[in-house]
Amino acid sequence: MSFKTLRNLIVVTVAILGTGYLRMPVEQRFTEDLREKKAIPPPIRKEVWGQMGQTSLAGVLGGLRTLIASSMNLASQTQFEEKDWYELKKRYGIITALDPYNEFYWDHGGWHLAYNAASWARSNDQLSPRKRRLLEREFLEQGDAFYRQGIALNPDNPRLWMNIGRLWSNPHKRPDLPRAAKAFKEAAKHDNLFYQRTYLYILARIPGREIEAYDYAQKLLIEDPSRHLSRTTFRCLLFCLATNPNLPKQALKIRLGELFVSKQQAYQDLYNFRALSQEKGYYTGKLDEVLETLIKELRIPDHLNPFKAGAKPRIFEKDFEKALNQPLDLFLKSPFESN
Amino acid sequence: MSSFPKTSFFSPSRVSIIAASTVTQLVRMKVFLFLAPVALLFVALNFFELPIYQGPDTLVPEQQLRTHKNLCLGTMMFFTSLFAIVSVALIIPSDVEDRTLYTILCKPVPRLDYLAGKLLGVILVLLMAMLVMDFLLVVTLHHRTTSISTDFGRYLSDLGFQEAEVARGQAELAKHGPTWVLQYGVMAHFFKACILAAVALLISTFSTSTLFTIAAGVMVWIIGAFQSIARDGLFVDSFAGETPSLADKILSTIISLIFPDFQLVESIADASVRAQEILGDDILKLGGLTLIYLAIYTVLSWFVFADKEF
Amino acid sequence: MSDVNAIEVHELIKDFKGPFRGHSVRAVDQVSLQVKAGEVYGLIGPNGSGKSTTMKAVLGLIRPSSGSCSIFGRDALKVDSRNDVGFLPENPYFYKHLTAAETVRFYGKLCGMRGQALRQRIDEMLELVGLGEARNRPLRGFSKGMLQRIGLAQALVHDPRLVVLDEPTAGVDPTGSREIRDLILNLKSRGITVFLCSHLLEQVQEICDRVGIMKSGTLVKEGRLEDLISLRDRTELILEHAPEDLLTQIRNLVEVTHGAQLLSEAHPRTTLEDLYLDETRDHSKSAHS
């Protein structure tokens, strides 16, 4: 190497190092700023690097993290079809490490574990019943843990809390309603009416928390009466919670006329709510007494009487009108007028 | 007889003449033919559906759009980065080998103007290519978003959601379509390609082989993707959950000082795909950093090139 | 003519580093020459004699290891000096994707020319080199001779005071060669200095005012062409029907002799080719006379 070449190399190297020294703190501040804004994902853990295949590694090193994550997600179809749950879990570990702020991957990773893998374990004839239960429980907990990892990185996202809530309130799995309630409560903090109502509904299913449910329903009513009251289930549940004899004396009594337009409407909605409650386990309070009163007042035929054998599972509006063939018995006040 | 004023050290006018010639050269070399497969890919993505097993939940339409954007931006990034390195690696050696350089340098053209003009020409071609690809991206993504949004609206209505809620859902979905936020991602990739072009320029001034220049340029591209991980080892007590050793720190220092940080670019691009709000400030900062890199590498290239003999 | 020399090379030394450590090759060794403004100077020598290196040093393409080069008094390494220079390289190669007119325009713009002046100049240059009809053809379709001519056009576009030509007629057919020769003479008549390298000694003899002969990196002979190729130790007396021994007598006799006419008295001439061969041949071989 000639003197000139060596000289040039030294000067260039020193210049790059020098400008790098000046540039580095600026870039680090910028990086930290973007990290705070969740634009930069956390560093990939060592074990995840080791799990990546060559193609994925090449893609990541080429700056194609999210693209590799997308491709791996699509390719995970194979592991799903082959029921290779542990490989699938490992895959989603890599995918979420590459693109941790995409809730879709947390959602699906958890779904594979908590639903697909757990269901497979539960129905696996090759295992003893005890092992099936244990394995199912393991996958359920893994799914729950996976969702929670996602929540840790995406605390502003309520959907993953909803997923946990749905998981532990699913009657076809191993329901744990208090656990589900905790999750729904977290989701409800995000000021979404649907999540708030979902939390209310789960509270209404947990024995011993009916008063808490009633208080929460009242809170929702105060915050946004028209939008909550537009939901039939909410109206019916609120009415039932209000009939709880254990409510404190100062609790507001709610009349039918405050929630329903007419007696016929009240009967139809409460009839349907009763059927729903039998499925979901909502608190019903004095619902049956109210229905019996309305049956007498409206002269409800037997096939629309829930206490008679052969009653319809659900009443639809047109059928009801035809069956009763009577003018609506309107309540004086609209249920949506604020006090 | 000719009489000219004293030649200035740096002339934007001369730089633009050489840049224009470089643009003409690259365009007449039909480099834009690479856009044809890119266009085909973008159009083909319109027909892409996530596998059915993913389930019909509210996140799937978003993910469809994210996948579309990821593939498009990834393609744009790959092509422009590679094009930046290869075109610079080819252009200057070809001028030397063909002795076109002699006739240029025998005119009153400072070597800095020549280098800056060549770099600017490549950057202009990159910009044109980026604009074409961006246009294709916007058109195909708009079409896709409209179609997915219609299906999504129908899906929500079938589930019993009211009109207002359906509209809200569709509005949320539209944020993942062709918005200004996505353009920041495109800009970020353009900045990255510019930096790679400047890196290739520096390497080509002392490299004796085009292949070496391309290979070295690609290495810088790769190492730049995890330069920030090395930097974390210096500024943060631990990274990836481990305390770095002395050897790690020394290596980290060298990597952090020498190589550009492309993770900043990737992060902004990824955030744009997620439809995350990116401030104009961030893209301006990135633009500023890009200009600094371009200036550093161009000046260093000139330093090496100034003494070169032909 | 200006008092400042067009080219001034003063004790130029250029060493190139060899492939092995510590070993360097001296391509040019203590070469000094001056090219006066307005003259045509030919630098000749065998392959590897240092002609191209000297030329590149004059053009600032390489940095002298020692010594200096200047163009009209300005250091050749400074960009300013190139305002006055037009260069036609050996086997010129230009951007193939450009047309003839675009090529000349490109180089004209690099020299600071613009607008109508440039457009006019492009037309003039293309007509001058006989490429007016091929102005819109891309250079990739040009023959060697056409490329040579376009090279001349770009070298002259900015009306330089000095034109440097490296093998201007190499590979060109006789007709084209003749045209280039005429063009060089035309430049000379306009007062433009021409500095050329060539292996075609007959042509150099036809057009050059002064010549420098290089061998193994040194300038072995340099001077006016007439002076170099005339043989001073020889006298040629052209007489009509007169024997040699009457030379002196004849002069006197011619003076006094009525009717006789002395037509000319001059030294006999050799050819440049003979002189070149004589100077560059190895000393072990006998000189050609």
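About the cut-offs
- Residues numbered from 1 in each chain as written.
- Chains lettered and ligands numbered in written order.
- Predicted model: local features only at pLDDT ≥ 70, side-chain atom pairs only at ≥ 80, totals over all residues.
- Helix = DSSP H or I, 4+ residues; strand = E, 2+ residues; numbered from the N terminus.
- Contact = placed C-beta atoms within 7 Å.
- Rg over C-alpha atoms; globule rule 2.2 N^0.38 Å.
- Buried ≥ 20, exposed ≤ 12 C-beta atoms within 10 Å, placed from the backbone.
- Expected span 1.5 Å × (residues − 1).
- Pairing = 2+ DSSP bridges.
- Core = buried A, V, L, I, M, F, W, Y, C linked by C-beta atoms within 7 Å.
- Axes fitted to C-alpha atoms, helices over the stretch in contact; angles between N-to-C directions.
- Parallel < 35°, antiparallel > 145°, perpendicular 65-115°, else oblique.
- Left-handed = near helix turned anticlockwise from the far one by under 90°.
- Nonpolar A, V, L, I, M, F, W, Y, C, P; charged D, E, K, R; others polar.
- pLDDT = per-residue confidence, 0-100.
- Domains from an automatic or database assignment.

*Asks:* Explain the overall build of chain B to me, please; I cannot follow it from the model alone.
*Replies:* Assigned secondary structure in chain B consists of twelve helices and zero strands. For chain B, the succession of helices and strands along the chain, N to C, is α-α-α-α-α-α-α-α-α-α-α-α. Dimensions of chain B along its principal axes, counting C-alpha atoms only, are 85 × 55 × 35 Å. Taking the contacts inside chain B whose residues are at least 6 apart along the sequence as the reference set, 82% of them involve residues at least 24 apart.

*Asks:* Teacher, can you tell me more about the overall build of chain A here?
*Replies:* If you tally the helices and strands in chain A, you get 18 helices and zero strands. Against the 2.2 N^0.38 benchmark of 20 Å for 339 residues, chain A shows a C-alpha radius of gyration of 29 Å, more extended than a compact globule. Over its C-alpha atoms, taken along the principal directions, chain A stretches across nearly 110 × 55 × 40 Å. Per-residue burial for chain A yields a buried fraction of 37% across its 339 residues. Counting contacts in chain A only where the partners sit at least 6 residues apart, residues at least 24 apart contribute 59% of the total.

*Asks:* Looking at this model, I keep getting lost on the environment of B:Val273. Mind explaining?
*Replies:* Note that B:Val273 resides in helix α11 (residues 263-273). Residue B:Val273 is classed as buried on the basis of its C-beta count, with 26 C-beta atoms lying within 10 Å. Placed 95 residues apart in sequence, B:Val273 and B:Pro178 show a C-alpha to C-alpha distance of 9.8 Å. Other than its neighbours up to four places away in sequence, B:Val273 contacts A:Thr66, B:Arg66, B:Lys69, B:Asn70, B:Leu73 and B:Gly185.

*Asks:* Help me understand helix α5 (residues 111-158) of chain B in this model?
*Replies:* For the α-helix, the turn length of 3.6 residues means that residues three or four positions removed from each other point alike. The end-to-end C-alpha distance of α5(B) is 69 Å, a good match for the 70 Å that 48 residues give at a rise of 1.5 Å each. Looking one or two residues beyond α5(B), the residue adopting positive phi is B:Gly160, at roughly 100°.

*Asks:* Please clarify how the pairing of strand β6 (residues 85-88) of chain C should be interpreted in this entry.
*Replies:* Successive side chains on a regular strand alternate, one facing one side of the sheet and the next facing the other. Residue and element names in this part refer to chain C. Across the two faces of β6 the burial is the same, with Val-85 and Phe-87 and Gly-86 and Leu-88 all buried. Relative to strand β7 (residues 162-166), β6 runs parallel, the two being bridged by four bridges. Looking at the pairing, Gly-86 lines up with Val-163 of β7.

*Asks:* Please clarify how the nonpolar core should be interpreted in this entry.
*Replies:* The tendency in soluble globular proteins is for nonpolar side chains to be buried side by side. If you look at the biggest cluster of nonpolar residues, it comprises 234 residues, and the most contacted ones within it are B:Leu126, B:Ala197 and B:Ala198. Aside from chain neighbours lying at most four places away, what touches B:Leu126 is B:Thr80, B:Phe83, B:Ala84, B:Phe190, B:Ala193, B:Cys194 and B:Ala197.

*Asks:* What's the story with the packing of α11(B) against helix α12 (residues 280-306) of chain B in this structure? I'm lost.
*Replies:* When two helices pack together, their arrangement is given by the angle between the helix axes and the distance between those axes. Residue and element names in this part refer to chain B. Where α11 contacts α12, the two axes come as close as 11 Å, and the packing angle between them is 150°. It follows that α11 is roughly antiparallel to α12 by the angle criterion. Helix-helix and strand crossings are classified by hand; for α11 and α12 the assignment is left-handed. Between α11 and α12, the residues in contact are Leu-264, Val-265 and Ile-268 and Asp-282, Ile-283 and Leu-286, respectively. Classifying every residue of the contact of α11 with α12 gives five nonpolar, no polar and one charged.

*Asks:* Can you help me understand unusual backbone geometry in this one?
*Replies:* One can expect most non-glycine residues to show negative phi and most peptide bonds to be in trans. Unusually for a residue other than glycine, B:Lys30 sits at a positive phi of about 60°. Inspection of the secondary structure assignment puts B:Lys30 in the loop between α1 (12-28) and α2 (35-44). C-beta crowding within 10 Å serves as the criterion here: with 8 such atoms nearby, B:Lys30 is assigned to the exposed category. Positive phi, close to 45°, is recorded for C:Glu11, a residue that is not glycine. Mapped onto the elements, C:Glu11 comes out in strand β1 (residues 7-17).

*Asks:* Whenever I open this one, the interface of chain B and chain A confuses me. Can you help?
*Replies:* Accessible area lost upon the coming together of the parts is a frequently used measure of interface size. Residue-level contacts link 49 residues of chain B with 40 residues of chain A. Broken down by secondary-structure element, the contributors of at least two residues to the side of chain B that touches chain A are α3 (59-97), α8 (210-225), α9 (227-235), α10 (246-258), α11 and α12 of chain B. Counting residues per element, the side of chain B that touches chain A draws most heavily on α3(B), which supplies nine residues. Here the side of chain B that touches chain A is composed, by residue class, of 26 nonpolar, eleven polar and twelve charged.

*Asks:* Even after reading the chapter, I still don't get the packing of α2(B) against α5(B), so can you show me in this structure?
*Replies:* Residues and elements named next belong to chain B. Two elements in contact, α2 and α5, have axes separated by 9 Å at closest approach and are oriented at 15°. With respect to their mutual orientation, α2 and α5 come out roughly parallel. Viewed along their axes, α2 and α5 form a crossing whose handedness is right-handed. Only Ala-129, Val-132, Met-133, Leu-136, Leu-137 and Thr-140 of α5 make contact with α2, whose side of the interface consists of Leu-35, Val-38, Ala-39, Phe-42 and Val-43. Here the residues of the contact of α2 with α5 sort into ten nonpolar, one polar and no charged.

*Asks:* I tried to follow the sheet that holds β6(C) on my own but got confused; where do I start?
*Replies:* In a beta sheet, neighbouring strands pair by backbone hydrogen bonds and run either parallel or antiparallel. All names here are of chain C. If you walk across this open sheet you meet the six strands as β6-β7-β8-β3-β9-β10, and the pairing is mixed. Sheet topology places β6 and β10 (218-224) at the edges, where each strand pairs with a single neighbour. Across the sheet, the mean angle from the axis of one strand to that of its neighbour is 15°, orientation sign disregarded. In this sheet, strand β8 (residues 193-197) lies alongside β7 in parallel orientation, the contact comprising five bridges. Its bridge partner being in β8, Leu-162 is matched across the sheet by Thr-193. Here helix α5 (residues 174-189) sits on the sheet in contact with β3 (40-44), β7 and β8, set at roughly 145° to β8. Contacts between helix α9 (residues 272-280) and the sheet are confined to β3, β9 (210-215) and β10, with β9 contributing the most and set at about 30° to the helix.

*Asks:* Help me understand helix α2 (residues 100-110) of chain C, please; the structure alone is not making it clear to me.
*Replies:* Across the eleven residues of α2(C), ten count as buried, placing the element largely inside the fold. Taken together, the buried positions of α2(C) are occupied by C:Ala100, C:Ala101, C:Thr103, C:Val104, C:Arg105, C:Phe106, C:Tyr107, C:Gly108, C:Lys109 and C:Leu110. Here the buried face of α2(C) lies against α1 and α4 (100-105) of chain B together with α3 (115-128) and α4 (144-156) of chain C. Where α2(C) ends, the next residue or the one after it, C:Gly112, has phi of about 95°, a positive value.

*Asks:* Could you clarify how one ought to interpret the environment of A:Gln218 in this entry?
*Replies:* Residues and elements named next belong to chain A. Inspection of the secondary structure assignment puts Gln-218 in helix α12 (residues 210-223). Taking the number of C-beta atoms within 10 Å as the measure of exposure, Gln-218 has 16 and is therefore partly exposed. With 24 residues separating them along the chain, Gln-218 and Ala-242 place their C-alpha atoms 9.7 Å apart.

*Asks:* Before we go on, may I ask you to explain the sheet that holds β1(C) in this structure?
*Replies:* Residues and elements named next belong to chain C. Strand order in this open sheet of four strands is β2-β1-β4-β5, and the pairing throughout is antiparallel. Lying at the two open borders of the sheet, with one neighbouring strand each, are β2 (24-35) and β5 (74-75). In this sheet, β5 lies alongside strand β4 (residues 66-71) in antiparallel orientation, the contact comprising two bridges. Within β5, the position partnered with Ser-70 by the bridge is Asp-75. The sheet contacts of helix α1 (residues 51-59) involve β1, β2 and β4, and relative to β1 the element is tilted by about 115°.

*Asks:* What am I meant to see in the confidence of the model for chain B here?
*Replies:* In low-pLDDT regions, the fine details of the predicted coordinates are not to be read closely. Taken residue by residue, chain B gives an average pLDDT of 85. The fraction at 70 or more is 90%. What the predictor reports for the complex is a pTM of 0.81 with an ipTM of 0.84.

*Asks:* I tried to follow the environment of A:Ala213 on my own but got confused; where do I start?
*Replies:* Residue and element names in this part refer to chain A. The residue Ala-213 is located in helix α12 in this model. Given 25 C-beta atoms within a 10 Å radius, Ala-213 is considered buried. Counting along the chain gives 89 residues from Ala-213 to Asn-124, while the straight-line C-alpha distance between them is 39 Å. Residues contacting Ala-213, with those up to four places away along its chain left out, are Leu-200, Leu-203, Ala-204, Leu-241 and Tyr-283.

*Asks:* It is not clear to me how the domain arrangement of chain A should be interpreted in this structure. Could you clarify?
*Replies:* The domain boundaries assigned to chain A delineate domain 1 (63-190) and domain 2 (213-339). A C-alpha centroid distance of 37 Å is found between domain 1 of chain A and domain 2 of chain A.

*Asks:* Please explain the confidence of the model for chain A as it appears in this structure.
*Replies:* Residues and elements named next belong to chain A. Taken residue by residue, chain A gives an average pLDDT of 86. The fraction at 70 or more is 96%. Within chain A, helix α3 (residues 54-61) has the poorest average pLDDT of any element, 72, and helix α10 (residues 177-188) the best, 95. A low-confidence stretch, residues 334-339 (pLDDT under 50), is modelled with nine contacts involving residues beyond four sequence positions or located in other chains.

*Asks:* How do you make sense of the pairing of β10(C) when you look at a structure like this?
*Replies:* Residues and elements named next belong to chain C. Relative to β10, β9 runs antiparallel, the two being bridged by six bridges. In the strand pairing of β10, Gly-212 is matched with Glu-222. Connecting β9 to the next strand, β10, in antiparallel fashion are two residues, including Ser-216 with a positive phi near 50°.

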